[in-house]
Amino acid sequence: MTKKRVFSGIQPTGNTHLGNYLGAIRRWAAEQADKTNFFCVVDLHSLTVPQDPAQLRHETRSMAAMLLACGIDPQQSTVFVQSHVTAHAEGCWLLNCITPLGWLQRMTQFKDKSARQESVLTGLLDYPVLMAGDILFYDADEVPVGEDQKQHVELTRDIAQRFNALYDTEFFVIPQPVIAKVAARVMGLDDPTVKMSKSLADKRGHAVRLLDSPDEILYVFKRAVTDSGREIRFADEPEKAGVNNLLSIYQAVTGKEKDAVEADFATARGYGDLKVRVAEVVIEALRPIQARHAELMADTGELDQVLAEGAARAREISQPKVDEMKHIMGLVAASVHPTSESGMPLQDRL
Ligand code: TRP
């Protein structure tokens, strides 16, 4: 039986937090043997809003290092940087030429993001087409995304179906969005009624970022919003959302059953005690991840090697797909591909 192909795109922002880890990355690592996985750090997507060049470069490596530190194994999974594989940008152009403008103007994320900016870049509008290419050039069956990205995967399906219909082919696999069952839905520590989010993670007190120091983590947990009572139990009531979130984090990190979690706190002296103990398990869980991340970032030779191998594997799949697409669309094939083995410019070989 052939394994399902899974494509995950991750933006290289520095705010990767506990919710991302417990809700997504940790599971990707645990389940990587069951599927053929592509983990792509989508640096081209980051350029759709203004970026500081040095910071983007740093964050791109840091995000890749974080995936490895969290247990993504480059022997089992393909980890690469989007801009290292030119098929993504090249194929995006081809998809642009079959995607109606109206489809992009309707995207919720585009409407939200562009409303918040004075000058809206063309790339921001085109963002979902680049994303569609990421998925389609790998014949991905499944795309794990958060609820906010579901519309983009649906657009990807529409684009794929349109291409297949226009050229009367079954060239593109129609992918499925996979919305993670919220086994661990981590809420904001400053406001337990909203999901912990990257865009709020710069606000002190909201999130635990994976690279935060133990002191910072302790500080943030100590300030976590709870309620005026003193009952430490899992609860659905809105007023107990804070305590529920703390217990859920503790449960996700320790892997214990709910009963066992509540038993652990049966003798706790109030919420102060609860907060410190949750902070402690989080600090311990992040310690080896932070250590491995620091090691990979101290000398990036190993990391860059992993990314070079990942890009080579990714290219083997996506470039022939884009070449075939060019043929289907009526473009003349170059007799020798400019990035072929020899690496020699065409005219030198004639
Ligand atoms: N848009 C996604 C996000 O912000 C990132 C992304 C880019 C992606 N390309 C992708 C996700 C392909 C899944 C598949 O989270």
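Everything that follows concerns the structure shown earlier in this document.
Residue numbering note: each chain is counted from 1, following its sequence as written. Selection of residues for local features in this predicted model requires a pLDDT of at least 70, selection of side-chain atom pairs for listing and counting requires 80 or more, and totals for whole chains, interfaces and linings are taken over all residues. Side-chain descriptors were evaluated using all non-hydrogen atoms of the structure, hydrogens and water having been removed beforehand.

Trainee: Looking at this structure, I do not really get the site of the ligand. What am I missing?
Mentor: Distances are taken per atom, and a residue is near a molecule or strand as soon as one of its heavy atoms is within 4 Å of it. Every residue close to the ligand is listed here: Phe7, Gly9, Gln11, Val42, His45, Tyr127, Met131, Asp134, Ile135, Val143, Val145 and Gln149. Side-chain atoms alone can form a polar contact between residues adjacent in sequence; in general such a contact is a pair of N or O atoms within 3.5 Å, and within protein one must be able to donate a hydrogen while the other accepts it. Contact distances for the ligand include 2.7 Å between a nitrogen atom and a side-chain N or O atom of tyrosine 127. Aspartate 134 places a side-chain nitrogen or oxygen 2.7 Å from a nitrogen atom of the ligand. Counting only elements with at least two residues in the shell around the ligand, the list comes to strand S1 (5–10), helix H7 (122–136) and strand S4 (142–145). Looking at the shell around the ligand element by element, the count peaks at 4 residues for H7. Class assignment for the residues of the shell around the ligand results in 7 nonpolar, 4 polar and 1 charged. Comment: elements are numbered from the N terminus, with helices defined as DSSP H or I runs of at least four residues and strands as E runs of at least two. Residues were grouped as follows: Ala, Val, Leu, Ile, Met, Phe, Trp, Tyr, Cys and Pro as nonpolar; Asp, Glu, Lys and Arg as charged; and all remaining residues, including Gly, as polar.

Trainee: Hey, could you run me through helix H9 (residues 214–222) in this one?
Mentor: Note: α-helices contain 3.6 residues per turn, so residues at a spacing of three or four share the same orientation. Relative accessible area decides the class of each residue, using a 1.4 Å probe on protein chains only: under 20% of the type maximum gives buried, over 50% gives exposed, and in between gives partly exposed. Every buried residue of H9 is listed here: Glu216, Ile217, Val220 and Phe221. For H9, the angular spread of the buried residues around the axis is 130°, confining them to a single face. A contact between two residues is defined here by any heavy atoms of the two lying within 4.5 Å. The elements touched by buried residues of H9 are helix H1 (18–30), helix H10 (241–254) and helix H12 (270–298). This arc is taken over the directions from the axis of the helix to the C-beta atoms.

Trainee: When you look at the environment of leucine 47 in this model, what are you seeing that I'm missing?
Mentor: Within the fold, leucine 47 resides in the loop between helix H2 (43–46) and helix H3 (53–69). For the pair formed by leucine 47 and glycine 123, sequence separation is 76 residues and the distance between their alpha carbons is 7.7 Å.

Trainee: Before we go on, may I ask you to explain the pattern of salt bridges in this structure?
Mentor: Where charged atoms from two side chains of opposite charge come close, those side chains can pair. Counted as salt bridges are all cases of a side-chain nitrogen of Lys or Arg within 4 Å of a carboxyl oxygen of Asp or Glu. In total, this model carries 15 salt bridges according to the counting rule given. Here arginine 287 ties to glutamate 284 by a salt bridge, and the two come within 2.8 Å at their closest N and O atoms. In this pair, arginine 287 and glutamate 284 are both assigned in helix H12, 3 residues apart and thus about one turn of the helix distant. The partly exposed category is assigned to arginine 287, whose relative accessible area is 43%. One network of salt bridges, with partners in common, ties together Asp202, Arg209 and Asp212.

Trainee: Teacher, can you tell me more about the nonpolar core here?
Mentor: One recurring pattern in soluble globular proteins: nonpolar side chains tend to sit buried together. Formed by 54 residues in total, the largest nonpolar core has its most connected members in Leu67 and Phe221. Only H1, strand S2 (36–41), H3, strand S3 (78–81), H9, H10, H12 and helix H13 (301–328) provide two or more residues apiece to this core. It is H12 that provides the largest number of residues to this core, a total of 9 residues. Once residues lying within four places of it in the same chain are set aside, the contact partners of leucine 67 are Ile10, Ile25, Trp28, Phe39, Val41, Ile72 and Val79. Ranked by size, the runner-up nonpolar core spans 40 residues in total, among them Val42, Phe80, Met107 and Phe171. To qualify as a nonpolar core, a set must consist of buried Ala, Val, Leu, Ile, Met, Phe, Trp, Tyr and Cys residues joined through side-chain atoms within 4.5 Å.

Trainee: Just checking my understanding: could you explain the packing of aromatic side chains for this structure?
Mentor: Within a pair of aromatic rings, the relevant descriptors are the distance that separates the centres and the angle that separates the planes. Aromatic rings from Phe, Tyr and Trp, taking only the six-membered ring of Trp, are treated as a pair when their centres fall within 6.5 Å; an angle between ring planes under 30 degrees marks them as stacked, one over 60 as edge-to-face, and anything in between as tilted. This structure, assessed with the given rule, holds 11 aromatic pairs. Ring geometry for phenylalanine 163 and phenylalanine 171: centres 5.7 Å apart, planes at 40°, overall tilted. In this structure phenylalanine 171 comes out as buried when scored by relative accessible area, which is 13%. Joined through ring pairs, the aromatic side chains of Phe137, Phe163, Tyr167, Phe171 and Phe172 make up one cluster. Over the ring of phenylalanine 234 we find lysine 258, and its NZ or CZ is 5.0 Å from the ring centre. Placement of a positive charge over a ring is assigned whenever Lys NZ or Arg CZ falls within 6 Å of the ring centre and within 35 degrees of the normal to the ring plane.

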